[in-house]
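Chains, contacts and geometry: an overview
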Amino acid sequence: MLTLLAGQAHNVINAGGIAYHTGQCAQDADPRVHQAFAAGGGAAGGGDPLRRQAVKVLLAAPQNAVFFHQVILVFGKQQLPGKKAVIIISNGKSTRANGYLSRTEEQLAGIRESAKINTALLDYISANIREGMSTAEIDHMVYEFTTDHDAIPAPFMYEGFPKSVCTSINDVVCHGIPSTKEFLRNGDIVNVDVSTIYKGYFSDASRMYMIGEVKPELQRLVQVAKECRDIGVQTAQPWARLGDVGAAIQEHAEKNGYSVVRDLCGHGVGIKFHEEPDVEHFGKRGTGMLIVPGMTFTIEPMINMGTYEVFIDEADGWTVCTDDGLPSAQWESMILITENGNEILTE
């Protein structure tokens, strides 16, 4: 097992008191860190790549340390199947691991409550969305439902966004702004993207809706986009890499003749609206950051019928459209990475 290291090891743990080792150490790290990696089969002493991915080293133990459920004792260990034994400790705040955020139990409780409201909101929209209504009416529904539950619509005035929800119809990929002049028509497909702040905690999700009689080719696009989201969620497992998630999504989309938008991605969410990590929906297996227990992030692939190229409408600075004018579809879920898999928080 890896030994407890006394004291603080320079910038590696300043933000949280924990380091997830993925094969490289900060050059200015305490030399004892390298010794511990060597003893545990990490980068400094060699070791196979799978072990290097899994090794975590306890760098400091603050007096107010709060143990994650993975920990038995400060000097205890838990054997992960096929991986090195790990020791994990947190100082009770969000812990930053190689730039990524892990959550405390208190934070997860708050995030789950926010997620419940966010999911209930999408259920409410599902029951009430209809042909002929304006996207401004959807915005009103979102604002009223959210505030009636003592919560705040996260998009409202976020970096200047003027509404409480994003409504994206047909060739609008995302960030469509609700309007009294825009109506849902027979044959439209529309993405409704809602995000909730409840007692300081954030949640996020979106669903696609098919209005009236929708052409089979659009129905198929919507279905495949949902499958891409689901495949991404299934692939986002502890000790996998973010590149595995992107590759799985990209493979399914392209196998069905569609493309995956490159310029926008999923993201960490929970303590802030948008935080680390960036979750790309394309990529190469075995690349990208290690996915570790405690992360919360969205998987929200934008699947285009034509090219993956997009542009932002200069008229409002927000609305993202397909470059070729062909339709796009997107489903979004927020997940928590657990020791044994993941927990879907919103969908």
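First things first, this report covers the structure right here in the doc. Residues take numbers from 1 onward in each chain, read along the sequence in its written order. Totals for whole chains, interfaces and linings use all residues, but because this is a predicted model, local features are given only for residues with pLDDT of at least 70 and pairs of side-chain atoms are given and counted only at 80 or more. The basis for every side-chain value is the complete set of heavy atoms in the structure, and neither hydrogens nor water enter the calculation.

1. Considerations on the overall build of the chain
Stated precisely, the cut-off is as follows: Helical segments are the DSSP runs of H or I of at least four residues, strand segments are the runs of E of at least two, and each set is numbered from the N terminus. Burial status follows relative accessibility: with a 1.4 Å probe on protein chains alone, a residue under 20% of its type maximum counts as buried, one over 50% as exposed, and anything between as partly exposed. Residue contacts follow a heavy-atom distance rule, with two residues in contact if any of their heavy atoms lie within 4.5 Å. Per-residue and other accessible areas follow the Shrake-Rupley method at a 1.4 Å probe size, with only the shown protein chains counted as cover for residues.
Secondary structure summary: the chain contains six helices and 21 strands in total. Expressed as a percentage of the 347 residues in the chain, the buried residues total 55%. Considering only contacts in the chain between residues 6 or more positions apart, those separated by 24 or more positions represent 69%. Of the accessible surface of the chain, which amounts to about 15,000 Å², a share of 51% is contributed by carbon and sulfur atoms.

2. Remarks on the packing of aromatic side chains
Our working rule: Each aromatic pair joins two rings of Phe, Tyr and Trp (for Trp, the six-membered one) with centres within 6.5 Å, and gets the label stacked for planes under 30 degrees apart, edge-to-face for over 60, and tilted for any other angle.
With the rule as written, the count across this model stands at four aromatic pairs. Taking the centre distance of 5.2 Å and the plane angle of 25° together, the rings of Tyr 124 and Phe 145 count as stacked. Pair noted here: Tyr 124 is in helix 3 (residues 105–128) and Phe 145 is in helix 4 (residues 135–148), with a separation of 21 residues, a long-range link. Residue Tyr 124 is classed as partly exposed on the basis of its relative accessible area, which comes to 32%.

3. Focus: the pairing of strand 14 (residues 275–279)
Looking along a regular strand, one sees side chains alternate from face to face of the sheet. The line we're drawing: In this analysis, strands are considered paired if DSSP registers two or more bridges between them.
Summarising the sheet, strand 13 (residues 266–268) and strand 14 pair through three bridges and their orientation is antiparallel. If you follow Gly 268 over to strand 14, its bridge partner there is Glu 275. With antiparallel pairing between neighbouring strands as the criterion, strand 13 and strand 14 make up a hairpin whose turn holds six residues, including Gly 270 at a positive phi of roughly 150°.

4. Quick look at the environment of Glu 343
Tracing the sequence through the fold places Glu 343 in strand 21 (residues 342–346). For Glu 343, a relative accessible area of 26% puts it in the partly exposed group. Linking Glu 343 and Thr 296, residues 47 residues apart in sequence, is a C-alpha distance of 9.3 Å. Every residue in contact with Glu 343, bar those within four places of it in the chain, is listed here: Arg 112, Met 334, Ile 335, Leu 336 and Thr 338.

5. Points about a negative patch on the surface
What counts here: The residues that make up patches have over 30% relative accessible area and no salt bridge, and they are joined within 9 Å when like-charged or within 5 Å when they are Val, Leu, Ile, Met, Phe, Trp or Tyr. Should a side-chain nitrogen of Lys or Arg be within 4 Å of a carboxyl oxygen of Asp or Glu, the pair is scored as a salt bridge. Neither His nor the chain ends contribute to the count of charged residues, in which Lys and Arg are positive and Asp and Glu negative. Lysine's charge is taken at NZ, arginine's at CZ, aspartate's at CG and glutamate's at CD.
Judged by side-chain charge, Asp 263, Glu 309, Asp 323 and Asp 324 come together as a negatively charged surface patch. By relative accessible area, Asp 263 is classed as exposed at 56%.

6. Observations concerning the state of the cysteines
Note the following rule: Any two cysteine sulfur atoms lying within 2.5 Å of each other are counted as a disulfide.
Applying the stated criterion across every chain yields a total of zero disulfides. The thiol of Cys 166 is unpaired, and the distance to the nearest cysteine sulfur, on Cys 174, comes to 7.4 Å. Taking the relative accessible area as the measure of exposure, Cys 166 reaches 9% and is therefore buried.

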